[in-house]
Amino acid sequence: MGAVYLVRHGQASFGAEDYDQLSDMGIEQARVLGEALRARIPQVDAVFTGTLKRHAQTAEGCLASMGISLSPQRLAGFDEFDHTEVIARFEPRFADHARMVEALAGTPEPRRVFQEMFTQAVARWTGGGHDADYTEPWPTFQARCLRGLEELLQQLGPGKTAIVFTSGGPITAISRELLQIPVLHAFRLNWTLANCGVTKVIYSERGRYLSSLNEHGHFEGPRRALITYR
């Protein structure tokens, strides 16, 4: 059996003009994750990331903490879906990021209000009734993520171990397929994925199997303040 560890990136910069970079919290999460994986995965054959900055930054911090000098290979199959488009198709006025930030800032709980809105926006994207509205509708996104996994496994070969630094969307798409969860319920997984949580896929000539989902025990106990979801 080989193993692929899918790592969700550390906390990004919610509310900033450039979301695609780790916050100070995200940098610390990557470091602590590396400490946990150093003992857990003594042999790593390859490292992969999506093409986003938050993927690369999480990989850099985690691998440094693990003492691993492997250079990650970038695979676009592990990139996140375009959340800005998903939001804009649901609420056109929020195509202007500054306008969205201003509107959320005027609410008592901006993060909660954003999450409620984003949940509805994703439900529209995955629902199948508006696929023509999106550059990458849900079925196309999921197919891309599954191709990314297969491309990785072809490069990796049998019986190897890889770490992939990616986002919640690809982890959700891959997990949904392996568990055969109805698309209607797919993003119930996504909303619970912790930053720098670990999902393990095992593989052999017989197939691919989900071994674990969203492990984040490395942040529990005295480090529970490091548990974030966005």
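Heads up: these notes are all about the structure in this document. Note that the structure is a prediction, hence the values are computed from the model and not measured.

### Focus: the packing of helix 6 (residues 138-156) against helix 7 (residues 168-179)
It is the contact of helix 6 with helix 7, at a shortest axis distance of 9 Å, that shows an interaxial angle of 85°. The orientation of helix 6 relative to helix 7 falls into the category roughly perpendicular. Across the interface between the two elements, Trp-138, Phe-141, Gln-142, Cys-145, Leu-146 and Leu-149 of helix 6 pack against Gly-169, Pro-170, Ala-173, Ile-174, Arg-176 and Glu-177 of helix 7.

### Brief notes about the nonpolar core
Val-4, Leu-6, Phe-81, Trp-125 and Leu-152 are the most contacted members of the largest nonpolar core, which has 36 residues in total. With seven residues, the top contributor of residues to this core is helix 6. Not counting residues up to four positions away in its chain, the partners in contact with Leu-6 are Phe-78, Val-164, Ile-171, Ile-174, Gly-197, Val-198, Thr-199 and Val-201. Counting residues in hydrophobic clusters, the runner-up holds 20 residues, among them Tyr-5, Leu-33, Leu-37 and Phe-219.

### As for the pattern of salt bridges
Summed over the entire model, instances satisfying the criterion amount to 14 salt bridges. In this structure, Glu-35 and Arg-223 form a salt bridge, with 3.2 Å as the shortest nitrogen-oxygen distance. In this pair, Glu-35 sits in helix 1 (residues 24-40) while Arg-223 sits in the segment after strand 6 (207-215), placing the two residues 188 residues apart along the sequence. Classification of Glu-35 by relative accessible area gives partly exposed; the value is 26%. The salt bridge involving Arg-206 is made with Glu-205; its shortest N-O contact spans 3.8 Å. Each member of the pair, Arg-206 as well as Glu-205, carries the same accessibility label: exposed. The structure contains a network of salt bridges with shared partners spanning Glu-28, Arg-31, Glu-35 and Arg-223.

### What to know about the packing of aromatic side chains
All chains considered together, the criterion is met by 12 aromatic pairs. Summarising the aromatic geometry, the rings of Trp-125 and Phe-141 are spaced 5.5 Å apart at their centres and angled 55° between planes, so their arrangement reads as tilted. Taken together, the residues span a long stretch of sequence, with Trp-125 in helix 5 (residues 110-126) and Phe-141 in helix 6 at a distance of 16 residues. In this structure Trp-125 comes out as buried when scored by relative accessible area, which is 1%. Residue class for Phe-141 comes out buried when judged on its relative accessible area of 0%. Taken together through their ring pairs, the aromatic side chains of Phe-81, Phe-114, Phe-118, Trp-125, Trp-138, Phe-141, Phe-187 and Trp-191 make up a single cluster.

The rules behind these values
- Residues numbered from 1 in each chain as written.
- Predicted model: local features only at pLDDT ≥ 70, side-chain atom pairs only at ≥ 80, totals over all residues.
- Heavy atoms only, no water.
- Axes fitted to C-alpha atoms, helices over the stretch in contact; angles between N-to-C directions.
- Helix = DSSP H or I, 4+ residues; strand = E, 2+ residues; numbered from the N terminus.
- Parallel < 35°, antiparallel > 145°, perpendicular 65-115°, else oblique.
- Contact = heavy atoms within 4.5 Å.
- Core = buried A, V, L, I, M, F, W, Y, C linked by side-chain atoms within 4.5 Å.
- Buried < 20%, exposed > 50% of the residue type's maximum accessible area, 1.4 Å probe, protein only.
- Salt bridge = Lys/Arg side-chain N within 4 Å of Asp/Glu carboxyl O.
- Phe/Tyr/Trp six-rings, centres within 6.5 Å; stacked < 30°, edge-to-face > 60°.

Everything listed is a geometric property; what it means functionally is a separate question.
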